[in-house]
Every structure is written in C-alpha cells, then in structure tokens.
Amino acid sequence: MKVNQAEIVISAVSKKQYPNDGFPEIALAGRSNVGKSSFINKMIQRKSLARTSSKPGKTQTLNFYKINESFFFVDVPGYGYAKVSKKEREAWGRMMEEYFQERETLRATVLLIDLRHPPTEDDIIMYDFLKHFDIPVLVVATKLDKVKKAKRDKHIKVVKEALDLESEDHLVAFSAETGEGKDQAWRHLSEFIS
C-alpha cells in the first residue's frame, strides 16, 4: 500500500473523544518497548510521526493516526510495564477493554511480539482476550533483524506455539530497521480495511 497521507488526529482517553467519521480501525497492541511506534513509522514511511521512546510505558492514551483519509491505526498503551502505578494501569486497562469490546469500527488488531524472546504471559493473555471477543489478529514479530537468519524459523515456531495461534490468524516477521515483512503486513491489513 502506498501511504500518501498520515496524521495523528487525537490522543484519546475516553470514548467521547474517539473520531466518529466511521473509517475502519486497526489497533496496535503489544508490551511496552516492543516497537509499536517504529512499526507505524516504517509502515507509513515516516521517520517520526509516531514518537518512539527508549522509556517504556510512554503511550498512555489511544493515539488515532489517520492514514490516506481512509482508515486509522490506533496505538493503544503498551502492557507489562511495571513503573506506572497500579491505579494508572487499572485506568488503562478499563480504557482498552472498553475500546476493544465496544468499538464498532475496529476491524483487526496487530499484536506485536518481540521475536527475540518467547511471548510473555501478558502477550498470551492479550491474544486470548482478542480471540475471546472475535477480533481478527495479525501477529507481527518485531526485531527480525536482531535474530540470526539460521534461527528465525525456530523463533517463529516458538511464538506460534506459545500463542496457540489459530489457523485464521497470520504471523509476519518484521524489521523496522530493514523494512522486511512490511509488504506482507500491508497485504494482510488491506483485507481488513478494503
């Protein structure tokens, strides 16, 4: 997909702030520091539309990025990060649950997982949560360039088995550094936004 236009429309904390133009939405979920912002920037060929940070837990809102005036990427807060208060984590949890359960324009979720390590318990809980609500999932295994070529298949197999990946869900190995996996990710995502 060629991205000609991309802008952040709003960083929302409640559903009354969500855009209401009816465009399909693709949510991006993953633990803090998995590379969600880098994924967005690489997919839309921008250096810094989505702010990357070496400090995990930066995204504390639902960030709506409008792409080509036709759909949204929605970056949700990263999970599994301990340095925020329990109260803050509960607030994010409620905000995310409400979004995933009630948002009618949500078409699919990209679940980003660090390919270098087996999925965490939080990754598995997130995948199961999405499946429970019948939300299609595209698993994107990030940091592909950091895994030796000879070991990639093994790492991919570990991710699929740990998640118990269902046959209708796809996994794309992805590198924000090299762009590997980008076209494949767009191929799967365009099925949800066309």
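Right, let's walk through the structure included here. (Residues numbered from 1 in each chain as written. Predicted model: local features only at pLDDT ≥ 70, side-chain atom pairs only at ≥ 80, totals over all residues. Heavy atoms only, no water.)

1. Considering the nonpolar core
Cut-off, in case you're wondering: Each nonpolar core is a collection of buried residues, namely Ala, Val, Leu, Ile, Met, Phe, Trp, Tyr and Cys, held together in the definition by side-chain atoms within 4.5 Å. Note on exposure labels: buried denotes an accessible area under 20% of the residue type's maximum, exposed denotes more than 50%, and partly exposed covers the range between, all computed with a 1.4 Å probe on protein chains only. Any two residues whose heavy atoms approach within 4.5 Å are treated as being in contact.
Counting 34 residues, the largest nonpolar core has Tyr99, Phe100 and Met126 as its most contacted members. The contacts of phenylalanine 100, once residues within four sequence positions are left out, are Ala27, Val76, Leu106, Thr109, Met126, Phe129, Leu130 and Ile135. With 24 residues, the next largest nonpolar core counts Phe73, Val110, Leu112 and Leu189 among its residues.

2. Here we look at the sheet that holds strand E4 (residues 71-75)
We apply this condition: What makes two strands pair is DSSP finding at least two bridges between them. Secondary structure counts use DSSP, requiring at least four H or I residues in a row for a helix and at least two E residues in a row for a strand, with both numbered from the N terminus. Angles shown run from 0 to 180 degrees and are taken between the N-to-C directions of axes, each axis being a line fitted to C-alpha atoms and, for helices, limited to the stretch in contact.
Pairing is mixed in the open sheet, where 7 strands are placed in the order E1-E3-E4-E2-E5-E6-E7. If you trace the sheet from one side to the other, it starts and ends with strand E1 (6-12) and strand E7 (170-173), each paired once. Pairs of neighbouring strands in the sheet enclose a mean axial angle of 25 degrees, with direction left out of account. Across the sheet, helix H3 (residues 121-132) touches strand E2 (25-30), strand E5 (106-114) and strand E6 (137-142), and the angle it forms with E5 is around 165 degrees. Across the sheet, helix H4 (residues 152-163) is in contact with E5, E6 and E7; its angle to E7 comes to roughly 150 degrees.

3. Considerations on the packing of aromatic side chains
The condition that has to hold: Centre distance within 6.5 Å is the pairing criterion for rings of Phe, Tyr and Trp, where only the six-membered ring of Trp is used; planes under 30 degrees apart are then read as stacked, over 60 as edge-to-face, and the remainder as tilted.
Applying the stated criterion across every chain, the model contains 13 aromatic pairs. Taking the centre distance of 4.9 Å and the plane angle of 65 degrees together, the rings of phenylalanine 39 and phenylalanine 174 count as edge-to-face. With phenylalanine 39 in helix H1 (residues 36-43) and phenylalanine 174 in the loop between E7 and helix H5 (182-193), this residue pair connects regions lying 135 residues apart in the sequence. The pair phenylalanine 39 / phenylalanine 174 is uniform in exposure class, with both members buried. Consider the rings of phenylalanine 100 and phenylalanine 129, whose centres lie 5.9 Å apart with planes at 80 degrees: the pair is edge-to-face. Remark: phenylalanine 129 occurs in helix H3 and phenylalanine 100 occurs in helix H2 (residues 86-102); sequence separation between them is 29 residues.

4. Some thoughts on H4
Which entries qualify depends on this criterion: One less than the residue count of a helix, multiplied by 1.5 Å, gives the span that helix is expected to have. By construction, the arc corresponds to the directions joining the helix axis to the C-beta atoms.
If you check H4, its first and last C-alpha atoms are 17 Å apart, about what 12 residues at 1.5 Å a residue would give, namely 16 Å. Of all the residues in H4, the buried ones are Arg152, His155, Ile156, Val159 and Leu163. Around the axis of H4, the buried residues are gathered within 100 degrees of arc, so they sit on the same side. Across from the buried face of H4, at angles greater than 90 degrees, the exposed residues are Asp153, Lys154, Lys157 and Glu161. In this fold, the buried residues of H4 make contact with E5, H3, E6 and E7.

5. Quick notes on the packing of H1 against H5
Note the threshold: We call two directions roughly parallel when the angle between them is under 35 degrees, roughly antiparallel when it is over 145, roughly perpendicular when it lies between 65 and 115, and oblique otherwise. Residue type decides the class: Asp, Glu, Lys and Arg count as charged, Ala, Val, Leu, Ile, Met, Phe, Trp, Tyr, Cys and Pro as nonpolar, and the leftover types, Gly among them, as polar.
Between H1 and H5, the shortest axis-to-axis distance is 11 Å and the interhelical angle comes to 85 degrees. Regarding the angle of H1 to H5, the classification is roughly perpendicular. Here Phe39, Lys42 and Met43 of H1 lie close against H5, whose contacting residues are Lys182, Ala185, Trp186 and Leu189. Of the residues belonging to the contact of H1 with H5, the class tally is 5 nonpolar, no polar and 2 charged.

6. A few points about the pairing of E6
Heads up, the rule is: Whether a crossover is right-handed depends on one test, that the path from the first strand over the helix to the second runs clockwise when the strands point away from the viewer.
Across the 6 residues that make up E6, a large majority, 6, are buried. Pairing of E5 with E6, which is carried by 6 bridges, proceeds in the parallel orientation. By the bridge assignment for E6, isoleucine 113 is matched with alanine 141. Handedness of the E5-H3-E6 crossover: right-handed. For E6 and E7, the ladder comprises 4 bridges, and the chain directions are parallel. Of the residues in E7, the one forming a bridge with leucine 138 is histidine 170.

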